[in-house]
Amino acid sequence: MKVTLAKSAGFCFGVKRAVDTVYQQLEKRQAKPIYTFGPIIHNEEVVHDLEEKGVTVINSIEELRQQAKGEGTVIIRAHGVEKGICEEIKSMGFEIIDATCPFVLKIHRLVERHSGEGCQIVIIGNGDHPEVKGIKSWSSAENTQVISGKEDAENYRADKEKKVCIVSQTTFNYNKFQELVEIIRKKGYDIIVLNTICNATEERQTEAAGIAAQADAMIVIGGRNSSNTQKLFEICKKECKNTYYIQTVKDLDLTSFRSVDNVGITAGASTPNKIIEEVQKNVRNEL
Ligand code: F3S
């Protein structure tokens, strides 16, 4: 039995930075409450551990207003928040620590600049994801649209007199991004394409596809709400139909692996090393 663990599995730079920030604040705090604005990352295990240590997840300004009395620290998650939120939290009297990944902040700046210069904005990504909502909020263009798939791209309409600036959610699939850009390009718009997909995502996806293509069975580890883990799963499933999506070692049903020779393992950007190690050990020991 050969087990291949992807080198790029697990926390990316931005997620590690955000999670470390919360743990550091926990060490430093002096009886003052600590909040994270939204779950710090899309991993239930990590969020649960932080909650046990006294961190409260707040999902909106309203909730913060009701639950907290303007005292304590609010930490902004890795994939960022909408424009104005940080100022509003500060004005309520909280100390704010912005753990938004610098790569996401860069997209905010790009969208702000290009929309300010008169471009129409297209964000390729999942419109329900907080990162995309955050990016969208930085556009001052009237025509700002989120495109998540082929159908949206085919239905896209914009003013041909103005440029269209296209950016991407950091965790979007690179090939799909290119495919959607091409659909828009063929419509004859004057486009500026800014590939803002994070390198960490691209590397993780390419490596996962390579391992899955060789594997008899593939395990993808990550939180249920983690969009980058869901994409990894899709990519691996294309290459290897025996691909399993698990959150922790508890979801691992090794009976389906008995007759395989070659197992691949990868994990989303918000999956802690501890969970990856447990899965890997279990597969190696049990099979
Ligand atoms: Fe940042 Fe890239 Fe991770 S954008 S949060 S380093 S996936």
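Residues numbered from 1 in each chain as written. Predicted model: local features only at pLDDT ≥ 70, side-chain atom pairs only at ≥ 80, totals over all residues. Heavy atoms only, no water.

Colleague: Would you explain the overall build of the chain in this entry?
Modeller: The secondary structure content of the chain amounts to eleven helices and twelve strands. Taking the principal axes of the C-alpha coordinates as reference, the chain spans close to 60 × 60 × 25 Å. For the chain, buried positions account for 52% of its 287 residues. For the chain, restricting intrachain contacts to residue pairs at least 6 apart in sequence, the fraction spanning at least 24 positions comes to 70%. Of the roughly 14,000 Å² of accessible surface on the chain, 45% is carried by carbon and sulfur atoms. Side-chain charges in the chain split into 38 positive and 40 negative, and the spacing between the mean points of these groups amounts to 2 Å. (Helix = DSSP H or I, 4+ residues; strand = E, 2+ residues; numbered from the N terminus. Buried < 20%, exposed > 50% of the residue type's maximum accessible area, 1.4 Å probe, protein only. Contact = heavy atoms within 4.5 Å. Areas by Shrake-Rupley, 256 points an atom, 1.4 Å probe, with all protein chains shown as cover. Lys, Arg positive; Asp, Glu negative; His and termini not counted. Charge placed at Lys NZ, Arg CZ, Asp CG, Glu CD.)

Colleague: Quick question: what am I supposed to make of the pattern of salt bridges here?
Modeller: Opposite charge on two side chains makes pairing possible when the charged atoms of those side chains draw close. The final tally for this structure, using the stated rule, is nine salt bridges. A salt bridge links Lys 16 to Asp 20, with the shortest nitrogen-to-oxygen separation between them at 2.8 Å. With Lys 16 and Asp 20 both in helix H1 (residues 13-28) and four residues apart, the pair spans about one turn of that helix. In this structure Lys 16 comes out as partly exposed when scored by relative accessible area, which is 44%. One salt bridge connects Glu 117 with Arg 113, and the closest N-O pair in it is separated by 3.9 Å. You can call Arg 113 partly exposed: its relative accessible area is 48%. Here the residues in one salt-bridge network are Glu 62, Arg 65 and Glu 88, joined through shared partners. (Salt bridge = Lys/Arg side-chain N within 4 Å of Asp/Glu carboxyl O.)

Colleague: What is the right way to read the sheet that holds strand S9 (residues 191-193) from this model?
Modeller: Either a parallel or an antiparallel arrangement is found when strands of a sheet pair, and the pairing is made through backbone hydrogen bonds. The four strands lie next to each other as S7-S6-S8-S9, forming an open sheet whose pairing is parallel. Every other strand in the sheet has two partners, leaving strand S7 (144-147) and S9 as the edge strands with one partner each. Neighbouring strand axes in the sheet, compared pairwise and without regard to direction, differ in orientation by 20° on average. Two strands pair when backbone bridges link them, and strand S8 (residues 164-168) and S9 are joined in this way by three bridges, in the parallel orientation. (Pairing = 2+ DSSP bridges. Axes fitted to C-alpha atoms, helices over the stretch in contact; angles between N-to-C directions.)

Colleague: When you look at the pairing of strand S10 (residues 217-221) in this model, what are you seeing that I'm missing?
Modeller: It is a general feature of regular strands that their side chains alternate between the two faces of the sheet. Where burial is concerned, most of S10 is hidden: five out of the five residues are buried. Side chains Ala 217, Ile 219 and Ile 221 project from S10 onto one buried face, and the interleaved Met 218 and Val 220 project onto a second face that is buried too. In this structure, S10 lies alongside strand S12 (residues 262-267), joined through five bridges in parallel fashion. Counted as the bridge partner of Val 220 is Thr 266 from S12. Here S10 runs beside strand S11 (residues 243-246); their pairing, made up of four bridges, is parallel. Directly across from Ile 219, in S11, lies its bridge partner Tyr 244.

Colleague: Sorry if this is basic, but what is going on with the packing of H1 against helix H2 (residues 44-52) here?
Modeller: What describes two packed helices is the angle between their axes and the distance between those same axes. In the contact formed by H1 and H2, the axes pass within 11 Å of each other and the chain directions differ by 10°. Between H1 and H2, the crossing angle belongs to the class labelled roughly parallel. Seen from H1, the contacting residues are Val 19, Val 22, Tyr 23 and Leu 26; seen from H2, they are Val 46, Asp 49 and Leu 50. Split by residue class, the contact of H1 with H2 holds six nonpolar, no polar and one charged. (Parallel < 35°, antiparallel > 145°, perpendicular 65-115°, else oblique. Nonpolar A, V, L, I, M, F, W, Y, C, P; charged D, E, K, R; others polar.)

Colleague: Looking at this structure, I do not really get the packing of helix H5 (residues 102-116) against helix H6 (residues 130-137). What am I missing?
Modeller: The contact between H5 and H6 brings their axes to 8 Å, and the two run at 30°. Taken as a pair, H5 and H6 cross one another with a handedness that is right-handed. Across the interface between the two elements, Val 104, Ile 107, His 108 and Val 111 from H5 touch Glu 131, Gly 134 and Ile 135 from H6. (Left-handed = near helix turned anticlockwise from the far one by under 90°.)

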